[in-house]
Amino acid sequence: MKLEKIIQGKAYVLGDNIDTDQIIPAEYLTLNPAIPEEYRQFGRHALAGVPAAQGGLPKGHVPFHKGPTDLVSDFQIIVAGRNFGCGSSREHAPIALDAAGIKAVVAEFYARIFYRNSVNGGYIVPAETAERLCEKVCTGDELRLNLDACTMENLTTGEKYSLRPLGEVVPILEAGGVFPYARSKGMLPA
Amino acid sequence: MAAQTLTEKILARHAGKSSVEPGENIWVDVDILMTHDVCGPGTIGVFHQNFGRDAKVWAKDKVVIIPDHYIFTADKMANRNVDVLRTFVKEQGLPHFYDVGSERYKGVCHIALPEEGHTRPGEILLGTDSHTCTAGAFGEFATGIGNTDAGFVMGTGKTWLKVPPTLRFVFNGDLPPYLMAKDLILAVIGDIGCDGATYQAMEFDGDGVYALNIEERMTLCNMAIEAGGKNGIIAADQKTIDFVKSRDKAGKPFVVEKSDAGARFAREFVYDVKTLRPVVAKPHSPDNRAYVDECKGTKLDRAYIGSCTGGKMTDFRAAAKILAGKEVKIDTFVVPATTEVARNLKTEKLGGKTLEEIFLNAGAKIGEASCAACLGGPSDTFGRLNQAIRCISTTNRNFPGRMGHKQAEVFLASPLTVAASALTGQITDPREYVS
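Because the structure is a prediction, the values reported are computed rather than measured.

Draft legend 1. Seen up close, the overall build of chain A. Secondary structure assignment for chain A yields six helices and seven strands. The order of α-helices and β-strands along chain A, N terminus first, is β-α-α-β-α-β-α-β-β-β-β-α-α. Against the compact-globule benchmark of 16 Å for 190 residues, chain A has a radius of gyration of 16 Å, which places it among compact chains. Seen along its three principal axes, the alpha-carbon backbone of chain A occupies a region of about 50 × 40 × 25 Å. In chain A, buried positions account for 62% of the 190 residues. In chain A, the share of contacts with a sequence separation of at least 24, taken over all contacts with a separation of at least 6, comes to 69%. As displayed, chain A offers around 7,000 Å² of accessible surface, 51% of which is attributable to carbon and sulfur atoms. Separation of charge centres in chain A, based on 19 positive and 22 negative side chains, amounts to 3 Å.

Draft legend 2. Inspection of the sheet that holds strand E2 (residues 77–79) of chain A at higher detail. Residues and elements named next belong to chain A. Within the open sheet, the seven strands sit side by side as E4-E3-E2-E1-E5-E6-E7. Their pairing is mixed. The sheet is open, and its two borders are formed by strand E4 (125–128) and strand E7 (160–162), each paired with just one other strand. In this sheet, neighbouring strand axes are inclined to one another by 30° on average, regardless of whether the strands run parallel or antiparallel. The pairing of E2 with strand E3 (residues 104–107) spans three bridges and is classified as parallel. The residue bridging Ile78 from the neighbouring strand is Val105, located in E3.

Draft legend 3. The arrangement of the sheet that holds strand E18 (residues 365–366) of chain B in detail. Residues and elements named next belong to chain B. Spatial ordering of the open sheet is given by E13-E12-E20-E19-E14-E15-E18, a layout of seven strands whose pairing is mixed. At either margin of the open sheet sits one strand with a lone partner, and together these are strand E13 (289–291) and E18. Of the strands in this sheet, strand E12 (279–281), E13 and strand E20 (409–413) touch helix H6 (residues 181–192), which is tilted by about 55° from E12.

Draft legend 4. Quick look at the state of the cysteines. The tally for this structure, following the rule as stated, stands at zero disulfides over all chains. Distance from the sulfur of Cys134(A), which forms no disulfide, to the nearest cysteine sulfur (Cys138(A)) is 11 Å. What makes Cys134(A) buried here is its relative accessible area of 9%. As a non-bridged cysteine, Cys109(B) has Cys371(B) as the owner of its nearest cysteine sulfur, 6.1 Å distant. A relative accessible area of 0% means that Cys109(B) is categorised as buried.

Draft legend 5. Representation of the packing of aromatic side chains in the model. Counting across every chain of the model gives 20 aromatic pairs over all chains. With 5.9 Å between their ring centres and 90° between their planes, Phe72(B) and Tyr105(B) make a pair best called edge-to-face. Here Phe72(B), found in the loop between strand E3 (63–65) and helix H3 (76–92), pairs with Tyr105(B), found in the loop between strand E4 (96–97) and helix H4 (109–115); they are 33 residues apart in sequence, far enough to count as distant. The class of Phe72(B) is partly exposed, set by a relative accessible area of 38%. For the ring pair Phe316(B) and Phe359(B), a centre distance of 5.8 Å and an interplane angle of 65° mean the geometry is edge-to-face. One end of the pair, Phe316(B), is in helix H11 (residues 313–323); the other, Phe359(B), is in helix H13 (residues 355–361), and 43 residues separate them in sequence. By relative accessible area, Phe316(B) is classed as buried at 0%. Accessibility expressed as a relative area gives 0% for Phe359(B), which makes it buried. Taken together through their ring pairs, the aromatic side chains of Phe179(A), Trp27(B), Phe47(B), Phe51(B), Phe88(B) and Phe152(B) make up a single cluster. Taking NZ or CZ as reference, Lys10(A) lies 5.3 Å from the ring centre of Phe75(A), over its face.

Draft legend 6. Spatial organisation of helix H1 (residues 6–14) of chain B. All names here are of chain B. Judged by how many residues are buried, H1 sits mostly within the fold: seven of nine residues are covered. Within H1 the residues assigned to the buried category are Leu6, Thr7, Glu8, Ile10, Leu11, Ala12 and His14. Looking one or two places after H1, you find Gly16, whose phi comes out positive at around 70°.

Draft legend 7. How the structure looks around helix H5 (residues 147–156) of chain B. Residue and element names in this part refer to chain B. For H5, the tally of buried residues reaches eight of 10 residues, placing the bulk of the element in the interior. By the burial criterion, the buried members of H5 are Asn147, Thr148, Asp149, Ala150, Gly151, Phe152, Val153 and Met154. One or two steps after H5, the chain reaches Gly157, where phi turns positive at roughly 75°.

Draft legend 8. Layout of the pairing of strand E19 (residues 390–393) of chain B. Residue and element names in this part refer to chain B. By the bridge criterion, three bridges tie strand E14 (residues 302–306) to E19 in an arrangement that is parallel. Directly across from Ala303, in E19, lies its bridge partner Ile392. With four bridges joining them, E19 and E20 adopt parallel strand pairing. The residue bridging Ser393 from the neighbouring strand is Leu412, located in E20.

Draft legend 9. Up close: the environment of Gln54(A). All names here are of chain A. Following the sequence through the fold, Gln54 ends up in the loop between helix H2 (36–45) and E2. Judged by relative accessible area, Gln54 falls into the partly exposed class, the value being 40%. When the C-alpha atoms of Gln54 and Leu14 are compared, they prove to be 6.6 Å apart, with 40 residues separating the residues in sequence. The residues contacting Gln54, other than those within four sequence positions of it, are Val13 and Leu14.

Draft legend 10. Focus on the nonpolar core. Counting 139 residues, the largest nonpolar core has Val79(A), Phe84(A), Leu97(A), Phe169(B) and Phe204(B) as the members making the most contacts within it. The greatest single-element share of this core, amounting to eight residues, is contributed by H6(B). Formed jointly, this core draws a minimum of three residues from each of two domains, domain 1 (9–270) and domain 2 (281–432) of chain B. When sequence neighbours within four positions are dropped, the list of residues in contact with Phe204(B) reads Phe169(B), Phe171(B), Ile185(B), Val209(B), Tyr210(B), Leu220(B), Cys221(B), Gly232(B), Ile233(B) and Ile234(B). Listed in part, the 36 residues of the second largest apolar core include Ala364(B), Ala413(B), Ala420(B) and Ile427(B).

Analysis parameters
Residues numbered from 1 in each chain as written. Chains lettered and ligands numbered in written order. Predicted model: local features only at pLDDT ≥ 70, side-chain atom pairs only at ≥ 80, totals over all residues. Heavy atoms only, no water. Helix = DSSP H or I, 4+ residues; strand = E, 2+ residues; numbered from the N terminus. Rg over C-alpha atoms; globule rule 2.2 N^0.38 Å. Buried < 20%, exposed > 50% of the residue type's maximum accessible area, 1.4 Å probe, protein only. Contact = heavy atoms within 4.5 Å. Areas by Shrake-Rupley, 256 points an atom, 1.4 Å probe, with all protein chains shown as cover. Lys, Arg positive; Asp, Glu negative; His and termini not counted. Charge placed at Lys NZ, Arg CZ, Asp CG, Glu CD. Pairing = 2+ DSSP bridges. Axes fitted to C-alpha atoms, helices over the stretch in contact; angles between N-to-C directions. Disulfide = S-S within 2.5 Å. Phe/Tyr/Trp six-rings, centres within 6.5 Å; stacked < 30°, edge-to-face > 60°. Lys NZ or Arg CZ within 6 Å of the ring centre and 35° of its normal. Core = buried A, V, L, I, M, F, W, Y, C linked by side-chain atoms within 4.5 Å. Domains from an automatic or database assignment.

Below is the structure:
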């Protein structure tokens, strides 16, 4: 995925410490993301481990997918609290979100390996905000992120928030991941 | 030159620099890359896609492949993934492959690595598993990475890393007999939170740490990731050197270092070990700390003793001490981390009985060496929580659904506490059995 600077879509709101077992439960890790059809299947299981009451805040009990066999979700942006993606190193976590049609996550901060996997694989934009947006945004709100201006607008409520600059990972996201980035820098043969 | 921490020294040397600063991005040479059956197929895919179908790994003897996650299952996809590893190993001619069904099969990668001589002080070990930080117990920099990073390392032997600031945890005094390394690290995680060390190195130091055996040091470092740590590390001492030399048949030279006097630590935490009490992490987070004496009596359905952090000989010796001659009240699952541990359970004795006999006589079930139910896995996985039951476990993570069912409740505790609780069917203070 090449970096889109404007990302617009519906929000799915989660809380703190959404770990990789909630993002993609271990029972689905038998799928091999290197096989395109299996990569797509990860979309269906994205967020399958989130307990129902904690999925789609503030009310909860909002399914991430319309139907149980849908590969892609109606939501494009996840808004979460602290320490998103903690737990295992499984790259299947950002892959599952990408396969489900998620373009960006907006969280207070990320667990290190999840952040690195998101950027190096070029799957999703891991945006950060100083504000606790998971208590301000409602699931279903229409959001627009502007990654150049570092802003997030809630089109449903009219509220505007600032995002932390993505900083040194921008060139990697712009290239589409660490491999295209390394090639563009001459670190790997083109 | 500014004083450096142990982590900074190792990273600087591997970047060809005399020193590094926290926050600096550097390219380092990797000594060992480990992958397993869950992340290996994806890593191999990334490698082929980017370096070509006929590309060769950067160094055959530096790639270690240890299937361990989904081994004893009828799941076809899981078995297919081990086949992907087999094909790759054959094509590449890799010497360090511990195949399922062969005499070389080991079990959990983080314990297999040191047993087979792949951990050495001063090195950089990367693995496609978050608990790769376990190997920091050998005085090396070890951390978990994803498939893309691992594919990159496979082709180039290099990766970029941001130098982490170091948090220092000093343990003073000898561990009382009712406490284990698991209590120490659960206390630390309870204090700093499961994001308390995010992006940071966790260095463990103090006479209380050096009094621990190698396996207990591995338990400490194993759970650095549960505080968000990039790596856990303990400077090598004579115990480390003796262990590593006894295991590395090739006798590869290594560098023993420690943090300089005056090295910059982002924060320092000091614990008097004698004042600590047995700890559990309540559902559903490893930082949801409670003291055993505060939650004793909590009814349980199952006890589980196993995994990289809780399935080593030290863990089973501790559990056997409590279970010997007694009977468990709830389903109790014992899973040795590796085949070597499994063999030792059959030979090592306590009071005239082997540890295996002690567990079986107590009514526990013993599974085959692997990750098993620590991370749930396919539904036929040994010990998996297929229902919304309550389990006390020596494993390292208890977020919702970790051991299977989303509504299952997992309490993390030391092998002593888990064994004591297995006898009563409720959370039980090991001090009732161990003075």
